[in-house]
Amino acid sequence: MAQKLALIGFGTVGQGLVEILSRKKDLLQERHAYRPQVVAVADLHHGSCYDANGLDLDQLLDAIARDGGRPGALTSCPGGQAGWDSMETIRESGAEAMVEVTLTNIETGEPAVSHCRAALQEGIHVVTTNKGPVALVWRELADLAASRGVQFRFEGTVMSGTPVLSTAAEALAGCEFARIRGILNGTTNYILSEMEQGRGYGESLATAQELGYAEADPTADVEGFDVLAKVVILANVVMGASLGVGEVSRTGIAGLDASEVAAAPAAGHRWKLIGQVERIGERVTASVGPVALPLEDPLASVTGVTNAVTLETDLVGPVTIVGAGAGREATGMALLSDLLAIHRAG
Ligand code: HSE
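Described below are features of the structure shown in this document. (Residues numbered from 1 in each chain as written. Predicted model: local features only at pLDDT ≥ 70, side-chain atom pairs only at ≥ 80, totals over all residues. Heavy atoms only, no water.)

1. Things to note about the packing of aromatic side chains
And step 1. Inspection of the entire model under this criterion finds three aromatic pairs.
And step 2. For the pair Phe152 and Phe154, a centre-to-centre distance of 5.2 Å together with 50 degrees between the ring planes defines the contact as tilted. Considered together, Phe152 and Phe154 belong to a single accessibility category, that of buried residues.
And step 3. On the numbers, 5.9 Å between centres and 70 degrees between planes, the contact of Tyr190 with Tyr213 is edge-to-face. Placement of the pair is Tyr190 in helix α8 (residues 186–196) and Tyr213 in the loop between α9 (201–210) and α10 (219–222), with a sequence separation of 23 residues. Assigned by exposure class, Tyr190 and Tyr213 land together as buried.
And step 4. Here the basic side chain of Arg139 rests over the ring of Trp138, its NZ or CZ set 4.4 Å away from the ring centre.
And step 5. Over the ring of Phe225 we find Arg250; its NZ or CZ atom is 3.9 Å from the centre of that ring. (Phe/Tyr/Trp six-rings, centres within 6.5 Å; stacked < 30°, edge-to-face > 60°. Buried < 20%, exposed > 50% of the residue type's maximum accessible area, 1.4 Å probe, protein only. Helix = DSSP H or I, 4+ residues; strand = E, 2+ residues; numbered from the N terminus. Lys NZ or Arg CZ within 6 Å of the ring centre and 35° of its normal.)

Structural data, given as structure tokens:
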């Protein structure tokens with residue numbers, strides 16, 4: 001049976017998933033007996049389309065590429081019925097799983113929180129890379145999913161397709177986590193690496209945006225809000241805390257002096273934006289801020305868009321995971337791994 005999908009949002013990440021589904025169609029079928037069928041796509045800018053028998057993935061991508069981001073580009077997709085908004089798409093498309101990939105809003109979580117609530121209420125699985133709903137109302141959504149017998153999965157919210165959350169939940173199940181510390185934002189790590197090579201801050205940020213690493217509003221990256229959302233997710237989901245976004249101290253990289261960043265290695269240091277969660281007794285605290293790490297620190301050698309996180313466990317000791325932290329394909333892959341997990345659970 002095909003797994004019917006509705007995509008809510010069709011920006012970099014949603015397109016990344018559709019590219020992977022198209023390119024890996026045969027492998028997914030042969031190796032995993034997985035046949036995804038995108039029945040609906042709704043995007044605030046590109047418009048929407050629906051076909052109960054499945055939309056043509058390459059035509060969806062062509063519609064965006066051809067019209068160069070013209071508003072409503074999806075409505076001209078052949079074979080599809082156009083005109084639904086996101087809520088109609090969730091309720092009417094008959095999808096088994098909703099892929100929520102609208103833009104992250106870490107203050108209100110909207111519109112993603114409403115999309116997730118509506119889908120879960122309808123008994124539709126939700127997979128998302130959107131950090132807003134998970135950082136703000138994970139417990140509520142996880143309980144709602146459980147009460148409806150469906151899954152709420154969000155692997156890509158932390159380190160994109162590099163498996164941190166599933167590693168903690170599955171491979172490290174049974175461990176307790178005393179501290180989690182890492183480089184959790186690809187954009188700022190890329191900018192800091194470039195600045196160290198003498199490139200300007202603005203120029204490096206512009207490239208990070210072109211490469212699809214940065215948030216729609218890159219303030220979220222450079223001011224540390226993106227890492228803040230990720231440490232809250234790690235604190236609550238992995239360490240069992242109940243941390244609110246307002247309880248995390250946060251400093252971004254915008255205040256760092258370019259010449260200081262470039263000169264640091266000669267003095268035995270490297271500037272990194274570090275997110276950390278720590279349990280002290282019953283209390284879990286979290287922080288985000290730039291740190292001049294000694295070059296011997298394993299995190300100091302993690303450069304570019306690569307991220308790394310160390311999970312300090314009671315049973316295995318420190319476990320460090322290194323890999324892509326952002327990007328179209330890497331984040332699309334996170335959605336695929338969640339969809340495959342739903343498929344396997346059958
Ligand atoms: N803007 C984020 C980053 C995307 O640069 O890491 C992945 O969450």
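2. Examining the environment of Gly83
And step 1. By secondary structure assignment, the location of Gly83 is in the loop between α3 (57–66) and α4 (86–92).
And step 2. Separated by 33 residues in the primary sequence, Gly83 and Tyr50 place their C-alpha atoms 8.8 Å from one another.
And step 3. Residues contacting Gly83, with those up to four places away along its chain left out, are Ser48 and Glu88. (Contact = heavy atoms within 4.5 Å.)

3. So, the site of the ligand
And step 1. Residues in close proximity to the ligand include Lys131, Asn185, Gly186, Thr187, Tyr213, Ala214, Glu215, Asp221, Asp226, Lys230, Gly325 and Ala326, which together make up its full environment.
And step 2. Note that an oxygen atom of the ligand is positioned 2.6 Å from one of the side-chain N or O atoms of Thr187.
And step 3. Note that a nitrogen atom of the ligand is positioned 2.7 Å from one of the side-chain N or O atoms of Glu215.
And step 4. Isolated, the ligand exposes 260 Å² of accessible area, and the fraction of that covered by the protein chains is 94%.
And step 5. Going through the elements one at a time, α8 and α11 (225–238) are the ones with two or more residues in the shell around the ligand. (Near = heavy atom within 4 Å. Polar contact = N/O pair within 3.5 Å; in protein donor to acceptor, adjacent residues only side chain to side chain. Areas by Shrake-Rupley, 256 points an atom, 1.4 Å probe, with all protein chains shown as cover.)

4. Some details on the layout of surface pockets
And step 1. Quantified by volume, the second largest pocket comes out at close to 320 Å³.
And step 2. Taken together, 18 residues line the second largest pocket, and the ones lying closest to its centre are Lys25, Pro36, Gln37, Leu55 and Leu57.
And step 3. Broken down by secondary-structure element, the contributors of at least two residues to the lining of the second largest pocket are α1 (12–23), α2 (25–32), β2 (36–43) and α3.
And step 4. Examining the composition of the lining of the second largest pocket, we find that four residues originate from one element, α2, more than from any other. (1 Å grid on protein atoms, 1.4 Å probe; cavity = no way out; pocket = protein on both sides within 12 Å on 5 of 7 lines; lining within 4 Å. Points joined across faces, edges and corners; volume = space filled by probe spheres on them.)

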